[in-house]
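Residue strings, one per chain:
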Amino acid sequence: MTSPNNPDTVGSGEPNENAFPPVEELGYERARKELAETVSILERGQMSLDESLTYWERAEALVTYCEGQLSRAEERVEKALGDRDGGEDEAAAGAEEDAPF
């Protein structure tokens, strides 16, 4: 959930377990930005232990989500490169079969 006044602000502003939007609703870029902001907040060390743990858990969820997104992107690139290289290999093999020698 974003703030109605600022779409770049993440969270409801209310201190409860629903303060953060589900990670799955964020795109990669927003999740990465929120992760950086969360790390910055944690580094300040100005929260209670419970608040710090809440932010730590959120950071862990964001890291897992971002790693998953990057992994899926890498798989797509590898597949695209494999499809491209596979097509070239098949064309080369076909040309060798047609060669008179």
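Looking at an unreviewed UniProt entry, one finds the chain named Exodeoxyribonuclease 7 small subunit and attributed to Corynebacterium otitidis ATCC 51513. We quote the UniProt Function (unreviewed entry) comment for the chain here in full: "Bidirectionally degrades single-stranded DNA into large acid-insoluble oligonucleotides, which are then degraded further into small acid-soluble oligonucleotides." In the Subunit (unreviewed entry) part of its UniProt record, the chain is described as follows: "Heterooligomer composed of large and small subunits."

As a further point, take the nonpolar core. Of all hydrophobic cores here, the largest spans 8 residues; its members are Val-23, Leu-26, Ala-31, Leu-35, Ala-59, Leu-62, Tyr-65 and Cys-66. Only helix H1 (28-44) and helix H2 (49-98) provide two or more residues apiece to this core. Top element by residues in this core is H2. It accounts for 4 residues. Those residues in contact with Ala-31, other than ones at most four positions away along the chain, are Leu-26, Leu-62, Tyr-65 and Cys-66.

With that settled, consider the side chain of Arg-58. Relative to the helices and strands, Arg-58 is located in helix H2. Within the local environment of Arg-58, its side chain forms a polar contact with the side chain of Glu-34, the two groups lying 2.7 Å apart.

With that settled, consider the packing of aromatic side chains. Tallied over the full model, the rule gives 1 aromatic pair. Between Phe-20 and Tyr-55, the ring centres sit 5.5 Å apart and the planes meet at 90°, which makes this aromatic pair edge-to-face. On the criterion of sequence distance, the pair formed by Phe-20 in the segment before H1 and Tyr-55 in helix H2 is long-range, its members being 35 residues apart.

Criteria and thresholds
Residues numbered from 1 in each chain as written. Predicted model: local features only at pLDDT ≥ 70, side-chain atom pairs only at ≥ 80, totals over all residues. Heavy atoms only, no water. UniProt positions renumbered as here; feature names shortened; annotations may be inferred. Core = buried A, V, L, I, M, F, W, Y, C linked by side-chain atoms within 4.5 Å. Buried < 20%, exposed > 50% of the residue type's maximum accessible area, 1.4 Å probe, protein only. Helix = DSSP H or I, 4+ residues; strand = E, 2+ residues; numbered from the N terminus. Contact = heavy atoms within 4.5 Å. Polar contact = N/O pair within 3.5 Å; in protein donor to acceptor, adjacent residues only side chain to side chain. Phe/Tyr/Trp six-rings, centres within 6.5 Å; stacked < 30°, edge-to-face > 60°.

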